[in-house]
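One letter stands for each residue in the lines below.
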Amino acid sequence: MADVRVLLVDDHPVVRAGLRAMLTEFKGISITAEAADGKAALKELSRLAVLGDAVDVVLMDLQMGAGMDGVAATAAIRKLAAPPPVLILTTYDTDADILAAVEAGASGYMLKDAPPEQIRQAVFAAAAGETVLAPKAAALLMNRISNPGTSLTPREVQLLELLATGLSNRAIAKQVFISEATVKTHLVHIYGKLGVDNRTAAIAAATQRRIIRPPGQVS
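Residues numbered from 1 in each chain as written. Predicted model: local features only at pLDDT ≥ 70, side-chain atom pairs only at ≥ 80, totals over all residues. Heavy atoms only, no water.

Under an unreviewed UniProt entry, the protein has the name Response regulator transcription factor and belongs to Pseudarthrobacter quantipunctorum.

**Q** Help me out: how do you make sense of the nonpolar core in this one?
**A** In globular proteins that are soluble, nonpolar side chains generally tend to be buried together. Within the largest apolar cluster, 49 residues are counted, with the highest numbers of intra-cluster contacts made by Val58, Met60, Tyr109, Leu160 and Leu194. Residue contributions to this core peak at 6 residues, all from helix α7 (residues 154-164). For Val58, the residues in contact, after removing those within four places along its chain, are Leu7, Val9, Leu45, Ile77, Pro84, Pro85, Val86 and Leu87. One finds Phe26, Val57, Ile119 and Val123 within the second-largest nonpolar core, a separate group that totals 21 residues. (Core = buried A, V, L, I, M, F, W, Y, C linked by side-chain atoms within 4.5 Å. Buried < 20%, exposed > 50% of the residue type's maximum accessible area, 1.4 Å probe, protein only. Helix = DSSP H or I, 4+ residues; strand = E, 2+ residues; numbered from the N terminus. Contact = heavy atoms within 4.5 Å.)

**Q** Sorry, what's going on with the UniProt feature "modified residue: 4-aspartylphosphate" (unreviewed entry) in the protein here?
**A** As annotated by UniProt and renumbered to match this structure, "modified residue: 4-aspartylphosphate" (unreviewed entry) occupies Asp61. Tracing the chain through its elements places Asp61 in the loop between β3 (57-60) and α3 (70-78). The class of Asp61 is buried, set by a relative accessible area of 6%. Sequence-distant contacts of Asp61, that is, excluding residues within four places in its chain, are made with Val9, Asp10, Asp11, Gly70, Leu89, Thr90 and Lys112. (UniProt positions renumbered as here; feature names shortened; annotations may be inferred.)

**Q** Just to check I follow, could you spell out the environment of Lys193 for this structure?
**A** By the element assignment, Lys193 lies in helix α9 (residues 180-194). Exposure remark for Lys193: the relative accessible area of 26% places this residue in the partly exposed category. C-alpha separation for the pair Lys193 and Ala206, spaced 13 residues apart in sequence, amounts to 10 Å. Here Ser151 takes part through its backbone oxygen, which lies 2.9 Å from a polar atom of the side chain of Lys193. Of the polar contacts made by the side chain of Lys193, one reaches the side chain of Glu156; its length is 2.9 Å. (Polar contact = N/O pair within 3.5 Å; in protein donor to acceptor, adjacent residues only side chain to side chain.)

**Q** Just to check I follow, could you spell out the UniProt feature "domain: Response regulatory" (unreviewed entry) in the protein for this structure?
**A** In this structure's numbering, the residues bearing the UniProt feature "domain: Response regulatory" (unreviewed entry) are residues 5-127. In residues 5-127, helix accounts for 46% and strand for 20%; the two terminal C-alpha atoms are 9 Å from one another.

**Q** Help me out: how do you make sense of the sheet that holds strand β2 (residues 29-35) in this one?
**A** Neighbouring strands of a sheet are bound in pairs by backbone hydrogen bonds; such pairs are parallel or else antiparallel. On the basis of which strands lie adjacent, the open sheet formed by 6 strands has the order β2-β1-β3-β4-β5-β6 and parallel pairing. The open sheet terminates on both sides in strands that have one partner only, identified here as β2 and β6 (132-133). As paired strands, strand β4 (residues 86-90) and strand β5 (residues 108-111) are joined by 4 bridges and run parallel to one another. Note on β5: the bridge partner recorded for Leu89 is Met110. Seen against the sheet, helix α1 (residues 13-24) touches β1 (4-9), β2, β3 and β4 and runs at an angle of roughly 165° to β2. (Pairing = 2+ DSSP bridges. Axes fitted to C-alpha atoms, helices over the stretch in contact; angles between N-to-C directions.)

**Q** I would appreciate a short explanation of α7 in the present structure.
**A** Since the α-helix packs 3.6 residues into each turn, any two residues three or four apart lie on the same face. Taken together, the buried positions of α7 are Glu156, Val157, Leu159, Leu160, Leu162, Leu163 and Ala164. Looking at the buried positions of α7, the neighbouring elements they touch are α4 (95-104), α8 (169-176), α9 and α10 (199-208).

In structure tokens form, the structure reads like this:
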């Protein structure tokens, strides 16, 4: 049986080297190419397609410095004629990151501190067309299905991230192309679901519950 061919996408050369060393130790996995950000990953996929060397799985980081991030890259890859599955491998486990990746079309979401065997299994599962999720990601999505009325919507999570950057309601409205009144309505719903009554408390609660990253980590 042919090896599962993987494209590694991560902006840290040391991390890529570590992942390459770990994955190539497993029988049935080979590293076809590497890229430092999403834009470079798309170029690699195009180059490999011309050579007839298809990729079976893209192993994608989320944050990659100033380059195209993993969410944008995943969405772009899913628009290709014959897109390979994208397996997110990241250090971030917030609701905002997980929801953004899943909405972009990621086939899986794993954390970098997972045991190597779990990452190996995730690569094979993604190549087989299966969805594979870290426990935190699976629990989040299951909770959203079980409790749709109390879970924050993707839009509400997005607004919380923008709140954490210090933007005003008017600035948020312009950025996401909705009215300021709609922003205020969303905030009322957010406050109710978090059990708070102001934006400072909302940001604190969302950070504590790992719905969003701490303000200093919001990109």
